[in-house]
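# Survey of secondary and tertiary structure
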Amino acid sequence: MLGATGSVGVSTLDLLDHATRDGSAEVEVVALTAGRNVARLADQALKWKPQLAVIGDESLLPELRTRLNGSNIQAAAGPAAITEAAAMNADWVMAAIVGVAGLAPTLAAARTGAVIALANKESLVCVGPVLLARAQAAGGRVIPVDSEHSAIFQVLQQGPAGGRAKLILTASGGPFREWPIEAMADVTPEQAAAHPVWSMGVKISIDSATMMNKALEMIEAAYLFSTPAERIEVLIHPQSIIHSMVEYEDGSTLAQLGVPDMRTPIACAYAWPDRLTWPAPKLDLVSIGKLTFEAPDPARFPALDVARSALALGDGATTAFNASNEAAVAAFLDRRIGFLDIAAAVAETLERMDRAGELIAGADSDAVETAMMIDQSARRVTADVFSSVGQSH
Ligand code: NAD
Ligand code: MG
């Protein structure tokens, strides 16, 4: 479990707790990792008794040791130790670290041939083709956990591979779906972090508010399902009941529906090709009554168009897109830039890097090194862009 203490990590352990209690799954946890939340990591470890618990922040190792004192659980710390944990022998790995920090551990897990339940969308966005090829070469597979991709994955497993017209990603539209653009300029981090439907980590909540999350998901879908950007459409669906759809050339559209609860796509990734039995919240369509749909507004939510141009430029550009957005979200949370500056800064960063010829993706062998170089350079360029954005305020 990579990123055990986060929103997806906690949902995963909760699901496994249900499934083991009623005997529908037998689970032995091999390793748990976290970034900084040492108290929660230690509590989880004492409950699930893994061989190893790893904290990303090395200064927290003494505290982890103290908290695990008297147990047989080994404690370790630092990014390299997280990657080593990811490479341990396990049948199933939940990749739920947030951000580009998940790249090296997720790739290490893919090399073991384990089933990778992939929540860390950033690793797909940065090195998607390499990640998928490595998992396949090792005899493993990647099963998406992101609810939209889980929906499409489930639909595609049911029918013929051909005759696909397009993928339709649904989006809740976030908290500012109906806000006029003038009001969006003054959005605070607190307002942006409060998602109307899903309860999630802070970074992905901000990304949902800007629709950067959907933009990242479009890139994720392009790599996962080998589909060009022009065959991926985004549809606003505020109730988040239809998690995504596949439209076929013969006029059929197939969808996956469910209560917006991450434990359902996690259960799918855990048990596939079987179905896990657990007390899942079930859909009550009568009480929901109606499902509504609208087109996204490109003027208020430019993120989707920026993602389309990144995809057209290639892997190097999608890596830069992700890094620039991470830097912009951090600056927004620090109140250094405004809400609308996030997408503008990412677009400007891609343009500057493209002009400078800095978006060339690496060959397979050095994909991670090249991705990390592009990531670092995108963060520097984004910081430069902020200084010009700041002056215009
Ligand atoms: P979160 O912030 O709640 O949790 C992130 C986890 O990663 C925590 O365990 C944290 O300790 C760990 N972590 C953070 N920084 C780290 C670092 N530098 N090194 C090592 N570990 C670190 O995030 P989340 O909402 O659970 O999201 C996790 C991933 O899943 C993200 O990529 C997100 O986009 C994706 N995702 C989340 C949801 C959701 O509902 N929360 C839905 C779809 C996809
Ligand atoms: Mg999603």
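Above this text sits the structure in question.
Residues numbered from 1 in each chain as written. Chains lettered and ligands numbered in written order. Predicted model: local features only at pLDDT ≥ 70, side-chain atom pairs only at ≥ 80, totals over all residues. Heavy atoms only, no water.

Before going further, it helps to examine the overall build of the protein. Counting secondary structure elements, the protein contains 17 helices and 10 strands. Computed over its C-alpha atoms, the radius of gyration of the protein comes to 21 Å, within 12% of the 21 Å expected for a compact globule of 393 residues. For the protein, the spread of C-alpha atoms along the principal axes amounts to about 60 × 50 × 40 Å. Evaluated residue by residue, the protein yields a buried proportion of 55% over its 393 residues. The long-range share in the protein, meaning contacts at least 24 apart out of those at least 6 apart in sequence, stands at 66%. (Helix = DSSP H or I, 4+ residues; strand = E, 2+ residues; numbered from the N terminus. Rg over C-alpha atoms; globule rule 2.2 N^0.38 Å. Buried < 20%, exposed > 50% of the residue type's maximum accessible area, 1.4 Å probe, protein only. Contact = heavy atoms within 4.5 Å.)

Before going further, it helps to examine the pattern of salt bridges. Applying the stated criterion across every chain, the model contains 24 salt bridges. Put simply, Glu247 and Lys166 hold a salt bridge, and the shortest N to O gap is 3.8 Å. Taken as a pair, Glu247 in strand S9 (residues 242–248) and Lys166 in strand S7 (residues 164–171) lie far apart in primary sequence, 81 residues in all. Residue classification places Lys166 among the partly exposed residues on the basis of a relative accessible area of 23%. A cluster of three or more residues bridged by salt bridges with shared partners is formed by Lys121, Asp146, Glu148, Lys214 and Glu217. (Salt bridge = Lys/Arg side-chain N within 4 Å of Asp/Glu carboxyl O.)

Considering the arrangement of structural elements, one finds Glu148 in helix H7 (residues 147–158). Classification of Glu148 as buried rests on a relative accessible area of 7%. Within polar-contact distance, the side chain of Glu148 engages the side chain of Lys214 at 2.7 Å. Beyond its immediate stretch of four places on either side in the chain, Glu148 contacts Leu169, Thr170, Lys214, Glu217, His243 and Ser244. (Polar contact = N/O pair within 3.5 Å; in protein donor to acceptor, adjacent residues only side chain to side chain.)

Compared with the 16 Å implied by 1.5 Å per residue over 12 residues, the 17 Å span of H7 between its first and last C-alpha is a close match. When you tally the buried positions in H7, you get 10 out of 12 residues, the bulk of the element. Contact partners of the buried residues in H7: strand S6 (141–144), S7, helix H11 (212–224), S9, strand S10 (253–257) and helix H12 (263–271). (Expected span 1.5 Å × (residues − 1).)

In this section: the sheet that holds S7. Spatially, four strands are ordered S8-S7-S9-S10 in an open sheet, and the strand pairing comes out mixed. Lying at the two open borders of the sheet, with one neighbouring strand each, are strand S8 (232–236) and S10. The mean angle between the axes of side-by-side strands here comes to 20°, regardless of whether they run parallel or antiparallel. Pairing geometry for S7 and S8, over five bridges, is parallel. (Pairing = 2+ DSSP bridges. Axes fitted to C-alpha atoms, helices over the stretch in contact; angles between N-to-C directions.)

Right, let's get into the packing of aromatic side chains. The final tally for this structure, using the stated rule, is five aromatic pairs. Summarising the aromatic geometry, the rings of Phe153 and Trp272 are spaced 5.1 Å apart at their centres and angled 65° between planes, so their arrangement reads as edge-to-face. With Phe153 in helix H7 and Trp272 in the loop between H12 and helix H13 (285–288), this residue pair connects regions lying 119 residues apart in the sequence. The interplanar angle of 65° and the centroid separation of 4.7 Å between the aromatic rings of Phe176 and Trp179 together place this pair among those described as edge-to-face. Residue classification places Trp179 among the partly exposed positions, given a relative accessible area of 29%. Joined through ring pairs, the aromatic side chains of Phe176, Trp179, Phe332 and Phe339 make up one cluster. (Phe/Tyr/Trp six-rings, centres within 6.5 Å; stacked < 30°, edge-to-face > 60°.)

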